[in-house]
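# Examination of the molecular architecture
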Amino acid sequence: MTATPRSPHDGVYDVAVIGGGIVGAAIARELSGCDVSVALLEARDDVGDGTSKANTAILHTGFDAKPGTLESRLVARGYHLLSAYAEATGIPVEHTGAVLVAWNEEELEALPGLKEKAEANGYTRCRIVDADEVYAALPDLGEGVLGGLTVPDESIICTWTTNLALATDARQRGTTILLKHAVTGVEEGTEATTLHTAAGEVRARWVVNAAGLGADHIDRLFGHDRFTVTPRRGELFVFDKLTRPLVNKIVLPVPTSRGKGVLISPTIYGNVMLGPTAEDLTDRTDTATSEDGYAFLLSKGERLMPRLLAEEVTASYAGLRAAIDRSDYLIEASPEQRYLLVGGIRSTGLTAGIAIAEHVRGLLEKAGLPLRTREELPPPPRMPNIGEATLRPYQDGDLIDRDPAYGTVVCFCERVTEGEIRDACHAPLPARTLEGLRRRTRVMNGRCQGFFCGAAVTALLEQHQTDDGCRSQHKDNR
Amino acid sequence: MTHQPRLITPDVLIIGGGPAGLTAAAELAGRRAGKILVVDREQDAGGIPRHSDHTGYGLRDLHRVMSGPAYARHLLQAATAAGAEIRTSTMVTGWADADTLDVTSPEGRYRIRPRALVLATGARERPRTARRVPGDRPHGVYTTGQLQNLVHLHHRPVGKRAVIVGGELVSWSAAVTLREAGCTPALMISQYPKAESYGAFNAAGRTVLRVPVATRSRVTRIIGKGRCEAVEIEHLDTGRRRTVACDTVVFTGDWIPDHELARAAGITLDTGTLGPLTDTALRTSLPGVFAAGNLLHPVDTADVAALDGKHVAEQVVRYLNGERPSDQGVRLIADAPFRWVAPQLLRPQDPAPARGRLLLWTDEFVRFPKVTVRQDGRVVSRRTLAWPAAPGRVFRVPSGLLDGVSPTGGPVHIGLR
Ligand SMILES: Cc1cc2nc3c(=O)[nH]c(=O)nc-3n(C[C@H](O)[C@H](O)[C@H](O)COP(=O)(O)OP(=O)(O)OC[C@H]3O[C@@H](n4cnc5c(N)ncnc54)[C@H](O)[C@@H]3O)c2cc1C
Ligand SMILES: Cc1cc2nc3c(=O)[nH]c(=O)nc-3n(C[C@H](O)[C@H](O)[C@H](O)COP(=O)(O)OP(=O)(O)OC[C@H]3O[C@@H](n4cnc5c(N)ncnc54)[C@H](O)[C@@H]3O)c2cc1C
């Protein structure tokens, strides 16, 4: 088998995956590693523009999942799979570790139970520590810590690059990526299912529904009525990079029945993050931040780390978890319909994505879709590094000597160079919008939010799009 | 890494080629203070005036008035003619060690170790996010800096109807730029009871600008998916809220110094300005490191920044000649309604501050301000000044009011009556 794109010979894809988030991209990648033709349909104008772009970006060990659930199994497996994949592709990741902090007696008493739960999940490296040890690791925490539980392997990762790597990999393995293809109708036939989209019809023998917040809608189009998605909003503050020395580990709250609670975490880009909130909404598009959300976060932050709140905020955003009315992932195949649902991937989908894809593959095979791994697959893509833990282009003297575009800093706050912007515009999955460029390079994401670079970045994006396909912007003709 | 970064060793490195940095360079090169190098991360030197394409520059330093771009060109030319070297597209990204800076440019990644350093990195406006304004994240939300870059350097269109947040001098500058770009400034929003910066414009200017002002108000939400559609504003006294339709929002003023390099070096910052704490010779807490311009007083006019540059040059020369400051000194402290004072440290034998003025920022409008200087519970001096203290622009106080201060006493408080 070869790595040439596998387009359907009769206009009908073997599998159509709906949703270009982390889960859909991971599934498309997995399936296109097999001898089938795959299409990935995404409603928006870029992959990773839904929930997958706006989360807390933690690579979870799964220590606190509910033992015995599918989620706990896939998060634990996903941790290892994504760690290895990050290594192979250059997705920025930092194994910082976490400390779960108890602020009152009740929380302190919950720690042994959490340690046991972790062990039931197969994670045995948690340790209960006293307040002194917590302060030794996190000297700037607010007053009143009583103790903590360490989770040495909890990590931070770049969610944007993860999504892009998976989708790029899928594409290089032959997946056809169809952007602006919002699925609005489904017509089941004996041989193939026709998906009606804003950009025309797409036909496929099998359909995988990984539409995140829209998964229940698609499910209904297939005639099911098994669940309803509740958008659960999470708002976050990103603090200035100058705060990064305050927080070297993920600071977790003791989880309650309502969710994981507000955490403080370093980011892979060198910031510190505070959040998220958890608020059930009805509008699945409402990713606005809110006054109440801000007030809540600030009151939490005041307690957790007052010093942090004295610093500048760089950004704030909100993401919507696809919560459903049961406490596990809902992944089910309907063999008679050649259809598979991936629903309720609420708050761990970034970590579990690749493991979910593996699981989905198994279910599809069982349901009757033969999936044979191809012998020769293209190597995984090498992603541009936008993390702070390893060398960035602006720091790489050899690289700049070879191509001075990497020595021209365009976005000063984030130190993004012209070379990186150019590359992102000509990548296999190119940036087509400012938002897409921001996620690929970090450009305009810094403390000035475009005061200095906004206009220049807009111009560069335009310049590189007008000569799309031409990749010769190098040293000699600059 | 195989790469061994090159090292260059000028006598003076000036970081930032805005009015402060370029003027310091011209002055130092003119005094033959050795090899003077200015680096700026932008493609062209000149700082903010490059894209501030309206008149109003150069009055106090050049004694004539010109446009921002013309002023920037003039300062660049003067520095070059005096013999300073200017390297653009050259960004200082951090400290390699206590005396050496890391630099990225198209010519490569290298290091600079000067004998003396002047930080002149300027200030920026806080964007919407830093002001913690919630809501959607649509296109069309800018700072004045971004707006002027878009309009004057890149000739790009903006929207049709704008709301300007802030009532500072720069807010009126934003209004001018919007008009030029064919966008109507529909409303200006100011937290103050009056848009006091009106006073800075003559009657003619005011008629031309004619922008309705919602005073005692703040923005509570940005509305719009894709493109901005409206803002929600609140009256601070009544709590009443309303939405104002607009496709463009410009967040103006609310400055913060670009103090990253200063902070990274562990230089002491002033908690009021958030810039480096300096004495009247513009020395920072790190020997051999000076600071000038809006990094110290966010934000004053360009000519004042330039005159800082002139002032600092002489102090740098003294430092290069081996002179060291007295380690005595008293702190200047701004009492409310003042938010900050610059400089903040008074040492015996030091020169008067640049232009013989202390710079302060007030949160309240006072038409006939009676400035009082106190030390150790004693009134050192008191004077009613002939110009108002107005929010949104720097308030200048003659440094002669400090004449009676004891260099060995306690902190000196500057307040109103
Ligand atoms: C605040 C917050 C914090 C989180 N923190 C973490 C964390 O730290 N670690 C972690 O592992 N996980 C975390 N998560 C969870 C994680 O982000 C999600 O589980 C994951 O992103 C889900 O990916 P997805 O592909 O299922 O969904 P999405 O990313 O939403 O992708 C679904 C895609 O389907 C598309 N779509 C929808 N309807 C249609 C249609 N009709 N036709 C075509 N396309 C359609 C959408 O446009 C979207 O791009 C967090 C989530 C939130 C909200
Ligand atoms: C919209 C607007 C309108 C204005 N209108 C007027 C007016 O009409 N009249 C008036 O007198 N004043 C006006 N001002 C104020 C005036 O522009 C400033 O006071 C003046 O530019 C300050 O000079 P500066 O040298 O301190 O800083 P800046 O001009 O900000 O220059 C700082 C320089 O440092 C560089 N720099 C920063 N960090 C680094 C680094 N790490 N490496 C390399 N280089 C770096 C920057 O690129 C920049 O060029 C206006 C300002 C604005 C924003």
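Residues numbered from 1 in each chain as written. Chains lettered and ligands numbered in written order. Predicted model: local features only at pLDDT ≥ 70, side-chain atom pairs only at ≥ 80, totals over all residues. Heavy atoms only, no water.

### Looking at the site of ligand 1
Residue and element names in this part refer to chain A. What surrounds ligand 1 is a group of 39 residues, the closest being Glu 42, Ser 52, Thr 56, Ile 58 and Thr 351. Contact distances for ligand 1 include 3.2 Å between an oxygen atom and a backbone N or O atom of Ile 22. Alone, ligand 1 offers 1000 Å² of accessible surface; in the complex the protein occludes 94% of this. Listed by contribution, the elements that provide at least two residues to the shell around ligand 1 are helix H1 (22–31), strand E18 (313–323) and helix H9 (349–367). When its residues are assigned to classes, the shell around ligand 1 shows 17 nonpolar, 18 polar and four charged. Looking at the shell around ligand 1, you find at least three residues from each of domain 1 (1–93 + 156–228 + 325–383) and domain 2 (98–152 + 232–321). (Near = heavy atom within 4 Å. Polar contact = N/O pair within 3.5 Å; in protein donor to acceptor, adjacent residues only side chain to side chain. Areas by Shrake-Rupley, 256 points an atom, 1.4 Å probe, with all protein chains shown as cover. Helix = DSSP H or I, 4+ residues; strand = E, 2+ residues; numbered from the N terminus. Nonpolar A, V, L, I, M, F, W, Y, C, P; charged D, E, K, R; others polar. Domains from an automatic or database assignment.)

### Observations regarding the packing of helix H4 (residues 144–153) of chain B against helix H5 (residues 169–180) of chain B
Residues and elements named next belong to chain B. Where H4 contacts H5, the two axes come as close as 10 Å, and the packing angle between them is 30°. Overall, the two elements H4 and H5 adopt an arrangement that is roughly parallel. When the axes of H4 and H5 are compared, the crossing they make is left-handed. The segment H4 lies against H5, with Thr 144, Leu 147, Gln 148, Val 151 and His 152 engaging Val 170, Ser 173, Ala 174, Thr 177, Leu 178 and Glu 180. A class-by-class count of the residues in the contact of H4 with H5 yields five nonpolar, five polar and one charged. (Axes fitted to C-alpha atoms, helices over the stretch in contact; angles between N-to-C directions. Parallel < 35°, antiparallel > 145°, perpendicular 65-115°, else oblique. Left-handed = near helix turned anticlockwise from the far one by under 90°. Contact = heavy atoms within 4.5 Å.)

### Examining a positive patch on the surface
Residues and elements named next belong to chain B. There is a patch of like positive charges on the surface, built from Lys 370, Arg 374, Arg 382 and Arg 417. Position of Lys 370 relative to the elements: it lies in strand E26 (residues 370–375). By relative accessible area, Lys 370 is classed as partly exposed at 32%. (Patch = residues over 30% accessible without salt bridge, like charges linked within 9 Å, V, L, I, M, F, W, Y side chains within 5 Å. Salt bridge = Lys/Arg side-chain N within 4 Å of Asp/Glu carboxyl O. Lys, Arg positive; Asp, Glu negative; His and termini not counted. Charge placed at Lys NZ, Arg CZ, Asp CG, Glu CD. Buried < 20%, exposed > 50% of the residue type's maximum accessible area, 1.4 Å probe, protein only.)

### Digging into the pattern of salt bridges
Under the defined criterion, the tally for this structure stands at 72 salt bridges over all chains. Among the salt bridges present, the one from Arg218(B) reaches Glu291(A), with a minimum N-O distance of 3.7 Å. Highlighted residues: Arg218(B) in strand E16 (residues 217–223) and Glu291(A) in helix H7 (residues 291–304), drawn from two different chains. With a relative accessible area of 35%, Arg218(B) lands in the partly exposed category. Linking Asp254(B) and Arg126(B) is a salt bridge whose minimum nitrogen-to-oxygen distance equals 2.7 Å. Of the two residues, Asp254(B) is situated in the loop between strand E19 (248–251) and strand E20 (255–257) and Arg126(B) in the loop between strand E11 (123–125) and strand E12 (141–143); the sequence distance between them amounts to 128 residues. On the basis of relative accessibility, which here comes to 26%, the residue Asp254(B) falls in the partly exposed class.

### Considering the domain arrangement of chain A
Residues and elements named next belong to chain A. By domain assignment, chain A separates into domain 1 (1–93 + 156–228 + 325–383), domain 2 (98–152 + 232–321) and domain 3 (393–477). One C-alpha centre belongs to domain 1, the other to domain 3, and the line joining them spans 29 Å. Facing 14 residues of domain 1, the contacting portion of domain 3 comprises nine residues. Taking both partners together, domain 1 and domain 3 bury about 950 Å²; carbon and sulfur atoms supply 58% of that area. For domain 1, the biggest contributors to the area lost against domain 3 are Asp 46, Trp 160 and Leu 164; these three give 47% of the whole. Counting across the interface, domain 1 meets domain 3 through three salt bridges. Note that Asp 46 is salt-bridged to Arg 439, the shortest N-O span being 3.1 Å. (Buried area = accessible area lost by both parts, 1.4 Å probe.)

### Brief notes about the pairing of strand E22 (residues 330–334) of chain B
Residue and element names in this part refer to chain B. The pairing of E22 with strand E24 (residues 345–346) spans two bridges and is antiparallel. Within the sheet, the bridge partner assigned to Arg 331 lies in E24 and is Leu 345. Bridge count between E22 and strand E29 (residues 412–416): three bridges; the pairing is parallel. When the sheet's bridge partners are listed, Ala 334 is paired in E29 with Ile 414. (Pairing = 2+ DSSP bridges.)

### Re the site of ligand 2
All names here are of chain B. Taken together, 36 residues lie near ligand 2, and Ala 20, Asp 40, Asn 294, Asp 300 and Ala 302 sit nearest. Here Ala 20 contributes a backbone N or O atom positioned 2.9 Å from an oxygen atom of ligand 2. Separating an oxygen atom of ligand 2 from a backbone N or O atom of Asp 300 is a distance of 2.5 Å. Relative to its free-state accessible area of 1000 Å², ligand 2 is covered by the protein chains to the extent of 94%. Mapped onto the shell around ligand 2, the elements with two or more residues apiece are helix H1 (19–30), strand E4 (55–57), strand E7 (91–97), H4, H5 and helix H8 (302–320). Considering only residue class, the shell around ligand 2 consists of 15 nonpolar, 17 polar and four charged.

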